[in-house]
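The primary structure of each chain is shown beneath.
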Amino acid sequence: DQQVKQNSPSLSVQEGRISILNCDYTNSMFDYFLWYKKYPAEGPTFLISISSIKDKNEDGRFTVFLNKSAKHLSLHIVPSQPGDSAVYFCATSQGGSEKLVFGKGTKLTVNP
Amino acid sequence: NAGVTQTPKFRVLKTGQSMTLLCAQDMNHEYMYWYRQDPGMGLRLIHYSVGEGTTAKGEVPDGYNVSRLKKQNFLLGLESAAPSQTSVYFCASRRTSGGYSYNEQFFGPGTRLTVL
């Protein structure tokens, strides 16, 4: 059973608009959440993270929102740029565990 | 710093052949990981290590063995390759201290393996 779900396999947005990528999790003990970005033929790279003591974290054009009651995480990209086109994975961990649990990813395409 | 490097980048094997994938990191990280990525499946953890000389099973360990003889290296072995092991393999590492940010894993560029 999937503990971390990214229900949208793909998302297409226009350049300059907002991209919203969503992630749901099942285990309320998860307390740290990350987003990774992956370009084709490259390894994933860390993008932004948030701990469960916060509900928002912002880094430039990227903002992550955490709704603990709904067990829902979202990544907002504003404004979206063609270079943001990639696969985005959400990941989570519990209590400083050495392991991360990854979602299946959402492929974002930003059209010029 | 080279970060996390993986050798080789590509490999084609025949069923039953063996091979070893090498992962090296120069960040003095304690933890290292091997993942496989298949279409529509995301990243699945094969094995991991929490320090030199230690290994542990992940989500999909069958058919693979690992060794961590040196802190900077983590080897993934396939003793008898099967077509089901055709995948892209990623190695990752992370540190063990420094607040919550230590959860961040740094990934290598991947090894694309095809088993015929």
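## Observations concerning the overall build of chain B
- Along chain B, the regular secondary structure elements total zero helices and 11 strands.
- Scanning chain B from its N terminus toward the C terminus, one meets helices and strands in the order β-β-β-β-β-β-β-β-β-β-β.
- Taking the principal axes of the C-alpha coordinates as reference, chain B spans close to 45 × 30 × 25 Å.
- In chain B, which comprises 116 residues, the proportion classed as buried is 47%.
- Contacts in chain B between residues far apart in sequence, at least 24 positions, make up 56% of those at least 6 positions apart.
- For chain B, the accessible surface area stands at approximately 5500 Å², while carbon and sulfur atoms represent 52% of it.

## Overview of the interface of chain B and chain A
- Contact with chain B, which involves 22 residues of that partner, is made by 21 residues of chain A.
- Interface of chain B and chain A: buried area, both sides summed, is about 1800 Å²; carbon and sulfur atoms make up 61% of it.
- At the boundary of chain B and chain A, one finds zero salt bridges.
- Counting every contact that joins chain B to chain A gives one residue pair in polar contact (both at pLDDT 80 or more).

## Re the packing of aromatic side chains
- On inspection of all chains with the given rule, the structure shows 11 aromatic pairs over all chains.
- Relative to F107 of chain B, the ring of Y36 of chain A has its centre 5.5 Å away and its plane inclined at 85°; by these criteria the two rings are edge-to-face. With Y36 of chain A in strand β4 (residues 30-38) and F107 of chain B in strand β10 (residues 106-107), this pair bridges two chains. There is no split in this pair, since Y36 of chain A and F107 of chain B are both buried.

## Section: the sheet that holds strand β7 (residues 65-67) of chain B
Residue and element names in this part refer to chain B.
- Read across the open sheet, the four strands follow the order β1-β3-β8-β7; overall the sheet is antiparallel. Each edge of the open sheet is held by one strand with a lone partner, namely β1 (4-7) and β7. The average angle at which neighbouring strand axes cross in this sheet is 20°, direction not considered.
- As judged from the three bridges shared by β7 and strand β8 (residues 73-78), these two strands associate in the antiparallel manner. Within the sheet, the bridge partner assigned to N65 lies in β8 and is G77.

## A short note on the state of the cysteines
- Going through the model one piece at a time under the given rule, you end up with two disulfides over all chains.
- Disulfide partner of C23 of chain A: C90 of chain A, at an S-S distance of 1.9 Å. Negative torsions about the S-S bond denote left-handed disulfides, and the value of about 55° found for C23 of chain A with C90 of chain A makes this one right-handed. Of this pair, C23 of chain A sits in strand β3 (residues 19-25) while C90 of chain A sits in strand β9 (residues 86-94), placing them 67 residues apart in sequence. For the pair shown, C23 of chain A and C90 of chain A are each scored as buried.
- A sulfur-sulfur distance of 1.8 Å marks the disulfide that ties C23 of chain B to C91 of chain B.

About the cut-offs
- Residue positions within a chain follow its written sequence, with the count starting from 1.
- A letter from A marks each chain and a number from 1 marks each ligand, given out in the order of writing.
- Since the coordinates come from a predicted model, pLDDT governs what is reported: local features require at least 70, and pairs of side-chain atoms require 80 or more to be given and counted, while whole-chain, interface and lining totals use all residues.
- Just so you know, side-chain values use all the structure's heavy atoms and leave hydrogens and water out.
- Strands here mean DSSP runs of E at least two residues long; helices mean DSSP runs of H or I at least four residues long; both are numbered from the N terminus.
- Relative accessibility decides the category of a residue: with a 1.4 Å probe and only protein chains considered, values under 20% of the type maximum give buried, values over 50% give exposed, and everything between is partly exposed.
- A contact between two residues is defined here by any heavy atoms of the two lying within 4.5 Å.
- Accessible surface is estimated by sampling points in the Shrake-Rupley manner with a 1.4 Å probe; for residues, cover comes only from the protein chains shown.
- Buried area is understood as the total, over both parts, of accessible area removed when two parts are fitted together, assessed with a 1.4 Å probe.
- Salt bridges are defined as contacts in which a side-chain nitrogen from Lys or Arg sits within 4 Å of a carboxyl oxygen from Asp or Glu.
- Under the rule applied, a polar contact is a pair of N or O atoms within 3.5 Å (in protein, one hydrogen donor and one hydrogen acceptor; residues adjacent in sequence only if both atoms are side-chain atoms).
- The pairing test for Phe, Tyr and Trp rings, Trp by its six-membered ring, is centres within 6.5 Å, and the orientation test on the planes gives stacked under 30 degrees, edge-to-face over 60, and tilted for anything in between.
- Here, a strand pair is defined by DSSP locating no fewer than two bridges between the strands.
- Only the contacting stretch of a helix is used when fitting its axis, a line to C-alpha atoms as for every element, and angles between N-to-C directions run 0 to 180 degrees.
- Throughout, a disulfide means two cysteine sulfur atoms within 2.5 Å of one another.

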